[in-house]
Amino acid sequence: MTFLITCPNCGPREALEFSFGGETTRRASPSATDRELAAALYFRRNVNGWQTEWWVHQSGCRAWFLAERHTTTNEIRRTYRPQDRPRDEEQEAAPA
Amino acid sequence: MSERLPARQGEAIRRDRRIRFRLERRTIAAFEGDTVGSALAAAGVTITGRSFKYHRPRGLSCMTGSCPNCLMQIDGIPNVRACTEPAREGMRVERQNAWPSADRDIHGWLNTFSFMMPPGFYYKIFQHPHWAWPLVEPYIRSKAGLGRVPQEPDHRRRRRINLHPDVLVIGAGAAGLAATAEAAKAGASVVLLDQGREAGGHLLGEASSTLRSALAREALGSRARFLAETAAFGVFGGGLIGASGPDALYRIRAQHVIFATGAVEGSAVFPGNDLPGVMLSSAVHLLLHRYGVLPGRRAVVLTGDNVGYSTAWALKDAGAEVTVVDLRSDGGWPEGFPVFAGATILSAHGRRRVSAVSVGTVGATSGQKVSCDLVVNACVQTPSTNLLAQAGARLVFDETLQAFLPDEMPDRMWAVGAVAGARSPEASVAQGRLAGLEAAAGSGHPVDAASIAALRSEAARSGDPIVLPPEASAASGKQFACVCMDVTAKELTTAAAEGFDSMELLKRYTTITMGPCQGKACMASSQRLCGAITGRSFAETSPTTSRPPWVPVEMGTLAGARLTPRKETTMHDRHVAAGAEFMWAGDWRRPHHYTTPEAEVAAVRNRVGLIDVSTLGTFRIKGPESVELLERLYPNRFSDLAVGRVRYGVMLNDEGVILDDGAVVRLADDEFFVTVTTGNTAALERWITWWNADWGLDALILNVTGAYGAVNLAGPRARDVMTSLTDADVSGSAMPYMTATRMAVADVPSLVLRIGFVGETGYEIHFPSAYGEHLWDAVMGAGRSHGIVAFGLEAQRILRLEKQHILVGQDTDAESDPYEAGLGWMVKDDKEDFLGLRSLRDLKERGPLERLVGFTAPERWLPPEGASVVREGAWVGRVTSARRSEAVGGVVGLAWVPAEWAADGSTFEIQFGGSHTIGTVRIDPFYDPRGERLRS
């Protein structure tokens, strides 16, 4: 856990300054089935590879942002503010 | 041997500055600039310690901090490398692992009984009978090991420093200095590290200091930053390089890294190769040229190439009588010495210092005896590739140099100098300059392409093939492959025969290369022995996996400063003055009580009390969509909350589990003031801002905890006190329960909430925290005539429990939903959506399995928090809070019980340890069940 993360507000900083928010997920809708609810609450893709995930710059600007990180190498190829999310990513479906 | 050689240019010592230090009971005279090791050598101290296992005498060997022979306890710190530790006036030096002294260690008998300690002996011997091992083990443990761990706390201040240069150069020898000079000249920011006090590396031991001075001037006169006595110890994920310097841990992230880590010498393996007086050529050069010490008068130099002859010359120039043992038989060596050609040292003799060697052809069991007091190993050079390997470089065996050298380097990394196979200072300098230019170019600084091309040809590896000494000697006697852990060639043979026949297995079984030197002194010889024993060539073996730390690092350096965050409210000094007993509440210091909790409770119930609640988490949430944000965050409804009104809210996660609770105040159409639990503030800030980021709502969340101070004024006379503090109308009709008003309190602009956690008429005053002491004094002053008291957390806990007000995290856990916790009335499940809605539908349909209920119990026994609720001997629930209550008479508490027991008046059994009691469910608050006092 010693890699650098580029905060969209503050620039590159030590990973220790950040808190991890996990891979992006989609909430179950109020009309979700039991299976959809369980999937949204308890199941994650847990990919071995590139993953879009949440980080918050806890010891800095305290803003949440998204990062594309490789889960094996910890390489981060892109970070961006949530308002810069592409439309389709926002609508990303949770796994069944 | 207390005489020093004549002074010379470039020496490290200042002969005009004398210092003294203690070696056990002796006083040692030294010069400023001496290391402990050089001073001891000058004073004729040959034994610097006793070995790890057999308590054999050991003496100075490398003078570069690369071997375990001179580890000493210095000023109480164990395992200090005396050969590189600067000598200081008055320091206390003790030799380790010896009693009564290293010179006459009574445990030397272990050496004689070594046959009882074969590899892995602690697995094999003394295990049967079983009862014997516990008796034997402490003795073995006390005899092994190095130094004594200091018992006193370490109060040195350690820093942690982050650096991020364009170029990091590790090692300030010829190659490192040249690389630094070029990269810095081209405009790159450069950090140069070296574990030595002075730059120069191997050049420090050269008779002439001309090249060293020129390179040092060029490199250190530039804008480069040189960190002396700072050793890189590991390469970590993401290219982070850790280095330890004087009382500092450096964490370095460089765009480019140039490894100029040099080479470490190793010893040939022959019986007696660990005797004091058997040294590496690096030590001889440094002692002669830096410290003016002649390490022996009759020297035998073992070498396999012409480099060894420079050592022979240096010794001869200093007045020693020198014999050379040359492993080569084909001639071509310089004149000037008696030479044994095609020969090796078969064994060294002597008890406390070497007195003679037997010289003969490889494979012979006996040879010609040559008397001597110094044996110099100038025959094995091991490139220090450990950091390279950690960085991901590929190592390949080089037949000419008989060593593993870096082949493919990772991107933006270079290996230069001896670590890359350079055998002359000129080749090292050329390689260094080339890497320096390439790194500077990589960081975007213009460099001359022609000079890069010219350097490429100069930097190529060259030189005659090296002849290494035999893997081991055929002569009898203990020959050490690993001096750190006292592992002999014979033990390796035994271990291999038992099936541990690769380097990684041998390492784990015999502990070879695992000692303080981390394989620096012994990796090559161990590998070659392993190969010889198992019928493989040197090239077919491989070094063990390299892991940090490559050099010893003090635990304190890694631990850094010990920081305990501690927060105090702006009224803290008033609490101290009032004699408060403090307790931790998260990072905060809060008064537990001032007098007694019971007296404070009585005062609040009968008169009026004041508590500092500044630690409550507070947020201001503003923006056109702040209502929408709260509607989604809470199961409560806020769209219908009027400006100036307060509503109690509970926050859930999407599983429907209670996260937190607190007050929500509507300050304006588009602005809210929210309070959360003290210990939960940081987590709740993350929670709220996360959802707002995900939902993209137009609302700004500001954590104002600490910016606002707050006090809660509560009790039947609270309104009287309040009236005298403000011009605002604080009457029950103008300012009823669950409203909030901005007003000046004691002239301080404040937000006052009519809420009552403790169940009495209450005013929670939030104000700019800088006014803390003023406001505290003003309220206490105004309340004096009403009998006001300050009350602490314990009194507040009793008071709130009498009202059955829950504490999230105390009375709830990670499975508590609002229906079971008795907060179902808040859930507006007709709202379109909020966190937890979908899960709550299921929970509501299923109905509660457990209930959080209030209970009363007899006075005589107070069940602790966590006491069991039992049915027919089985655990069915637990007590979360319990206190003795004077107002109610007896014990009051909250407990989770099976839902079918939740009816008012049901009884249940509570147990803890050997005690038990009967609880009676009480649905309504114990005190003021209809809340008349609270609302009044």
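Notes on the structure follow.

About the thresholds
- Residues numbered from 1 in each chain as written.
- Chains lettered and ligands numbered in written order.
- Predicted model: local features only at pLDDT ≥ 70, side-chain atom pairs only at ≥ 80, totals over all residues.
- Heavy atoms only, no water.
- Helix = DSSP H or I, 4+ residues; strand = E, 2+ residues; numbered from the N terminus.
- Contact = heavy atoms within 4.5 Å.
- Areas by Shrake-Rupley, 256 points an atom, 1.4 Å probe, with all protein chains shown as cover.
- Buried < 20%, exposed > 50% of the residue type's maximum accessible area, 1.4 Å probe, protein only.
- Buried area = accessible area lost by both parts, 1.4 Å probe.
- Salt bridge = Lys/Arg side-chain N within 4 Å of Asp/Glu carboxyl O.
- Nonpolar A, V, L, I, M, F, W, Y, C, P; charged D, E, K, R; others polar.
- Core = buried A, V, L, I, M, F, W, Y, C linked by side-chain atoms within 4.5 Å.
- Axes fitted to C-alpha atoms, helices over the stretch in contact; angles between N-to-C directions.
- Left-handed = near helix turned anticlockwise from the far one by under 90°.
- Polar contact = N/O pair within 3.5 Å; in protein donor to acceptor, adjacent residues only side chain to side chain.
- 1 Å grid on protein atoms, 1.4 Å probe; cavity = no way out; pocket = protein on both sides within 12 Å on 5 of 7 lines; lining within 4 Å.
- Points joined across faces, edges and corners; volume = space filled by probe spheres on them.
- Phe/Tyr/Trp six-rings, centres within 6.5 Å; stacked < 30°, edge-to-face > 60°.
- Pairing = 2+ DSSP bridges.

## Considering the overall build of chain A
Inference 1: Summing up its helical and strand segments, chain A has two helices and six strands in all.
Inference 2: In sequence order, chain A lays out its α and β elements as β-β-β-α-β-β-β-α.
Inference 3: For chain A, restricting intrachain contacts to residue pairs at least 6 apart in sequence, the fraction spanning at least 24 positions comes to 47%.
Inference 4: Total accessible area computed for chain A in this model is approximately 5400 Å², and 47% of it derives from carbon and sulfur atoms.

## Observations regarding unusual backbone geometry
Inference 1: The omega torsion of the bond from Pro548(B) to Pro549(B) falls at -5°, within 30 degrees of zero and hence cis.
Inference 2: Counting through the fold element by element, Pro549(B) comes out in the loop between helix H14 (523–533) and helix H15 (555–559).
Inference 3: For Arg62(A), which is not glycine, the phi dihedral falls at a positive 60°.
Inference 4: The partly exposed category is assigned to Arg62(A), whose relative accessible area is 38%.
Inference 5: In this model, Asp486(B) sits at a positive phi of 55°, which is unusual for a non-glycine residue.
Inference 6: Mapped onto the secondary structure, Asp486(B) falls in the loop between strand E29 (480–482) and strand E30 (487–488).
Inference 7: Looking at Asp486(B), the relative accessible area reads 0%, which means it is buried.

## Concerning the interface of chain A and chain B
Inference 1: With 24 residues of chain A in contact, the opposing surface of chain B contributes 27 residues.
Inference 2: Surface buried jointly by chain A and chain B totals about 2100 Å² across both partners, of which 47% is contributed by carbon and sulfur atoms.
Inference 3: Of all residues in chain A, Arg27(A), Pro30(A) and Trp64(A) give up the largest surface area on contact with chain B, accounting jointly for 35% of the area buried on that side.
Inference 4: Linking chain A to chain B there are seven salt bridges.
Inference 5: The partner of Arg251(B) in a salt bridge is Glu14(A), with the nearest N and O atoms 2.4 Å apart.
Inference 6: Elements that contribute at least two residues to the side of chain A that touches chain B include exactly strand E3 (19–23), helix H1 (34–42) and strand E4 (50–56) of chain A.
Inference 7: Per-element accounting of the side of chain A that touches chain B gives the leading share, four residues, to H1(A).
Inference 8: When the residues that make up the side of chain A that touches chain B are grouped by side-chain class, the tally is twelve nonpolar, six polar and six charged.

## Thoughts on the nonpolar core
Residues and elements named next belong to chain B.
Inference 1: Counting 73 residues, the largest nonpolar core has Phe 21 and Leu 315 as its most contacted members.
Inference 2: Per element, the largest residue contribution to this core is six residues, and it comes from helix H7 (residues 281–291).
Inference 3: When near neighbours in sequence (up to four residues on either side) are disregarded, Phe 21 contacts Arg 26, Thr 27, Ile 28, Ala 30, Val 36, Ala 39, Leu 40, Ala 87, Arg 88, Gly 90, Met 91 and Val 93.
Inference 4: Core analysis: the second largest hydrophobic core is formed by 31 residues, Leu 163, Leu 168, Leu 249 and Phe 259 among them.

## Overview of the pattern of salt bridges
Close approach of charged atoms allows side chains with opposite charge to pair.
Inference 1: Inspection of the entire model under this criterion finds 61 salt bridges over all chains.
Inference 2: Close ionic contact of Arg62(A) with Glu685(B) constitutes a salt bridge, the shortest N to O distance being 3.0 Å. With Arg62(A) in the loop between E4 and strand E5 (64–70) and Glu685(B) in helix H19 (residues 681–695), the pair connects residues from two separate chains.
Inference 3: Judged by relative accessible area, Glu685(B) falls into the buried class, the value being 10%.

## Focus on the packing of helix H10 (residues 425–442) of chain B against helix H11 (residues 449–458) of chain B
All names here are of chain B.
Inference 1: Two numbers describe how H10 lies on H11: the axes approach to 8 Å, and their chain directions differ by 145°. Viewed along their axes, H10 and H11 form a crossing whose handedness is left-handed. For the pair formed by H10 and H11, the contact residues are Ala 430, Arg 433, Leu 434, Leu 437 and Glu 438 on the first element and Ser 451, Ile 452, Leu 455, Arg 456 and Glu 458 on the second.
Inference 2: Considering only residue class, the contact of H10 with H11 consists of five nonpolar, one polar and four charged.

## So, H1(A)
Helical geometry note: an α-helix holds 3.6 residues per turn, so side chains three or four residues apart project in the same direction.
Inference 1: All of the buried residues along H1(A) are Leu37(A), Ala39(A), Ala40(A) and Leu41(A).
Inference 2: Buried residues belonging to H1(A) abut helix H23 (837–846) of chain B.

## Description of the side chain of Arg290(B)
Residue and element names in this part refer to chain B.
Inference 1: On the secondary structure map, Arg 290 appears in helix H7.
Inference 2: A distance of 2.6 Å separates a polar atom in the side chain of Arg 290 from a polar atom in the side chain of Glu 198.
Inference 3: With sequence-adjacent residues up to four places away left out, Arg 290 is seen in contact with Gly 10, Glu 11, Ala 12, Ile 13, Glu 198, Leu 204, Arg 212 and His 285.

## Some thoughts on empty space enclosed by the protein
Residue and element names in this part refer to chain B.
Inference 1: Inspection of every chain in the model, using the stated rule, returns five cavities of 30 Å³ or more.
Inference 2: Lining the largest cavity are 19 residues, with Ser 61, Ser 267, Asn 273, Val 483 and Ala 521 sitting closest to its centre.
Inference 3: The set of elements that each furnish at least two residues to the lining of the largest cavity consists of strand E16 (263–266), strand E17 (278–280) and E29.
Inference 4: Of the residues belonging to the lining of the largest cavity, the class tally is ten nonpolar, seven polar and two charged.

## What to know about the environment of Glu900(B)
Residue and element names in this part refer to chain B.
Inference 1: Tracing the backbone shows Glu 900 in the loop between strand E47 (890–898) and strand E48 (907–912).
Inference 2: Sequence spacing of Glu 900 and Leu 849 is 51 residues, and the spatial spacing of their C-alpha atoms is 8.1 Å.
Inference 3: A polar atom in the side chain of Glu 900 sits 3.2 Å from the side chain of Arg 871.

## Focus on the packing of aromatic side chains
Inference 1: According to the stated counting rule, one finds 22 aromatic pairs over all chains in the structure shown.
Inference 2: Taking the centre distance of 4.9 Å and the plane angle of 50° together, the rings of Phe20(A) and Trp55(A) count as tilted. Of the two residues, Phe20(A) is situated in strand E3 and Trp55(A) in strand E4; the sequence distance between them amounts to 35 residues.
Inference 3: When the ring of Phe397(B) is compared with that of Phe404(B), the centres are 5.1 Å apart and the planes differ by 65°; the resulting orientation is edge-to-face. Of the two residues examined, Phe397(B) and Phe404(B), each falls in the buried class.

## Observations concerning the sheet that holds strand E34 (residues 617–622) of chain B
Residues and elements named next belong to chain B.
Inference 1: Within the open sheet, the five strands sit side by side as E35-E36-E37-E34-E38. Their pairing is antiparallel. Both edges of this open sheet fall to strand E35 (646–652) and strand E38 (700–703), since each of them pairs with a single strand only. Ignoring which end each strand starts from, the neighbouring axes of this sheet average 25° apart.
Inference 2: In this structure, strand E36 (residues 658–668) lies alongside strand E37 (residues 671–676), joined through four bridges in antiparallel fashion. Pairing of Ala 668 across the sheet is with Glu 671, part of E37.

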